[in-house]
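# Overview (structure and organization)
These are the residues of each chain, in order.
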Amino acid sequence: MSEFNYHQPVLLEEVLSFLPLKKKLVYVDMTLGRAGHASAILSNLSKGSVFYGFDKDVQAIQYSKKKLSQFEKKVDLNFVQSPYSTAIDFLKNSGLNGADFILFDIGVSSPQFDDPQRGFSYRYDSFLDMRMNQDQELTAYKVINTYTEEQLNHVFRDLGQCENYHRVVKAILETREKKPIETTYQLVDIIKSNLPAYELKKTGHPAKQFFLGIRYEVNGEIDELHMGLNKAVSFLNPGGRIVIITFNSEEDRIVKKIFQSVSKPKPTNKYLPEEKEVLDYIQLTKKPLKASQKELETNNRAKSAILRALERKRKDER
Ligand SMILES: C[S@@+](CC[C@H](N)C(=O)[O-])C[C@H]1O[C@@H](n2cnc3c(N)ncnc32)[C@H](O)[C@@H]1O
């Protein structure tokens, strides 16, 4: 098992505050990580509850299985190495009809970032990997060394939201003609030497958005979020809740849109007969929640965390 296992869960108190009142629950954790949220949540559940924990990363599953085994007498524990886009299909095939609490804490965990072998971070010199699921074929190396100019433009412009990517892409194409680009530091050098001076003076690492774009591409993160969240919304039991934590405004925008589409009345047209719209869901967070000052003092990862929560109305509320 990896020596990198420490992950401090973000917005933990806020997540716990959204647990439904009944204590016997079907709880689905879509992003198990090191089971930080899951162990706190399972401590709050009563006998007869059912738990499913999903993660793409086998190390996360192995570690969490051990950590959560203390709850096996009171909760039916299930662990699945799978992307969360197919988690709901898996649950349906397992005979489950709905869930009472679904948690998404998306992105990469501290152990993934902190392990230089995983190639997620520009802080370490390592092979360009960035796979959450280490069995999959697509790596950051393949993206950088085999993608066409147009594909690389898409990765940096649309996924990474990079402003000055053209020269970087040209330099990647030229460099790899001579020799493959293998490591994170090689890529950081190319990025730094092809950005305008004003970009280098901005706060934050100049390679941050480039690395984010590659990570999104390698792990299909944006499609995962759309598919996983939409399916989860329709899998909630009446009275059930989804809590989702994202880490930048792009991700939050997707969540906001999906939640609004099921909870906000559509604008009415005064020239058409009035229709009574029945909306099945309510947003529990009118504005997204952010970490408190107290949490920020001890957990730097919480700085960019954004939490939203949604509830499926009970039948008597509709
Ligand atoms: C921020 S960490 C979760 C940390 C966890 N809440 C905890 O307290 O330990 C995100 C985890 O989600 C996993 N992950 C990210 N995207 C995923 C996806 N589409 N499907 C399944 N797992 C995913 C990552 O491998 C990582 O372990």
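Up top you'll find the structure we're talking about.
An account of the accompanying structure is given in this report. (Residues numbered from 1 in each chain as written. Predicted model: local features only at pLDDT ≥ 70, side-chain atom pairs only at ≥ 80, totals over all residues. Heavy atoms only, no water.)

## Description of helix α2 (residues 36-43)
Under the convention used in this document: Burial classification: accessible surface area is computed with a 1.4 Å probe over protein chains only, and a residue below 20% of its type maximum counts as buried, one above 50% as exposed, and the rest as partly exposed. Every helix listed is a DSSP run of H or I at least four residues long, and every strand listed is a run of E at least two residues long, numbered separately from the N terminus.
In terms of burial, α2 is a largely internal element, seven of the eight residues being buried. Turning to α2, its buried residues number three or more, namely Gly 36, His 37, Ala 38, Ser 39, Ala 40, Ile 41 and Leu 42.

## Re the pattern of salt bridges
Counted only if it meets this: We define a salt bridge as a side-chain nitrogen of Lys or Arg found within 4 Å of a carboxyl oxygen belonging to Asp or Glu.
Per the stated rule, a full pass over the model turns up 15 salt bridges. One salt bridge in this structure joins Arg 157 and Asp 158, with 2.9 Å as the shortest N-O distance.

## Some words on the side chain of Ser 82
Under the convention used in this document: Under the rule applied, a polar contact is a pair of N or O atoms within 3.5 Å (in protein, one hydrogen donor and one hydrogen acceptor; residues adjacent in sequence only if both atoms are side-chain atoms). Two residues form a contact once any of their heavy atoms are found within 4.5 Å.
The residue Ser 82 is located in the loop between β3 (75-81) and α4 (87-93) in this model. Engagement of the side chain of Ser 82 in a polar contact is seen with the side chain of Thr 86, the distance being 3.3 Å. Among all residues touching Ser 82, those that are not within four sequence positions of it are Phe 54, Asp 55, Lys 56 and Ala 87.

## Section: the site of the ligand
Note the following rule: Proximity criterion: a residue is near a molecule or strand once any of its heavy atoms comes within 4 Å of it. Each accessible area value is a Shrake-Rupley result obtained with a 1.4 Å probe; residue values ignore everything except the protein chains displayed when judging cover. Each residue gets one of three labels, nonpolar for Ala, Val, Leu, Ile, Met, Phe, Trp, Tyr, Cys and Pro, charged for Asp, Glu, Lys and Arg, and polar for the others, Gly among them.
Taken together, 25 residues sit near the ligand, with His 37, Asp 55, Tyr 84, Asp 105 and Glu 224 positioned nearest. Contacts to the ligand include Arg 34, whose backbone N or O atom sits 2.9 Å from an oxygen atom. Backbone polar atom of Gly 36 to an oxygen atom of the ligand: 3.1 Å apart, as the coordinates give it. When isolated, the ligand has an accessible area of 610 Å², and the protein chains bury 99% of it. Along the lines of polarity and charge, the residues of the shell around the ligand split into nine nonpolar, nine polar and seven charged.

## Considering the pairing of strand β1 (residues 26-29)
Each regular strand shows side chains that alternate between the opposite faces of the sheet. Put simply, the test is: Being paired, for any two strands, means DSSP has found at least two bridges between them.
Because side chains alternate across β1, one face comprises the buried residues Val 26 and Val 28, and the other comprises Tyr 27 and Asp 29, equally buried. Across four bridges, β1 lies against strand β2 (residues 49-55) in parallel orientation. Bridge assignment links Val 28 to a residue of β2, and that residue is Tyr 52. Inspection of the sheet shows β1 paired to strand β4 (residues 99-105) by three bridges, in the parallel sense. If you follow Val 28 over to β4, its bridge partner there is Ile 102.

## Here's the deal with helix α11 (residues 208-219)
Quick reminder of the rule: Expected helix span is given by 1.5 Å per residue-to-residue step, counting one fewer step than there are residues.
With 12 residues, α11 extends 17 Å from end C-alpha to end C-alpha; this agrees with the ideal 16 Å at 1.5 Å per step. The buried count for α11 comes to 10 of 12 residues, which makes it a mostly enclosed element. Turning to α11, its buried residues number three or more, namely Phe 210, Phe 211, Leu 212, Gly 213, Ile 214, Arg 215, Tyr 216, Glu 217, Val 218 and Asn 219. Remark: Gly 220 follows α11 within two positions and exhibits a positive phi of approximately 55°.

## Overview of the packing of aromatic side chains
Applicable threshold: Each aromatic pair joins two rings of Phe, Tyr and Trp (for Trp, the six-membered one) with centres within 6.5 Å, and gets the label stacked for planes under 30 degrees apart, edge-to-face for over 60, and tilted for any other angle.
Applying the stated rule across the entire model yields 11 aromatic pairs. On the basis of an interplanar angle of 80° and a centroid distance of 5.4 Å, the ring pair of Tyr 122 and Phe 211 is categorised as edge-to-face. With Tyr 122 in the loop between α5 (110-114) and α6 (140-146) and Phe 211 in helix α11, this residue pair connects regions lying 89 residues apart in the sequence. Classification of Phe 211 by relative accessible area gives buried; the value is 3%. Between Phe 127 and Tyr 141, the aromatic rings sit 5.4 Å apart at their centres with planes inclined by 25°, giving stacked as the arrangement. Separated by 14 residues along the polypeptide, Phe 127 in the loop between α5 and α6 and Tyr 141 in helix α6 bring together distant segments of the chain. A relative accessible area of 23% places Tyr 141 in the partly exposed class. Joined through ring pairs, the aromatic side chains of Tyr 27, Phe 51, Phe 79 and Phe 101 make up one cluster.

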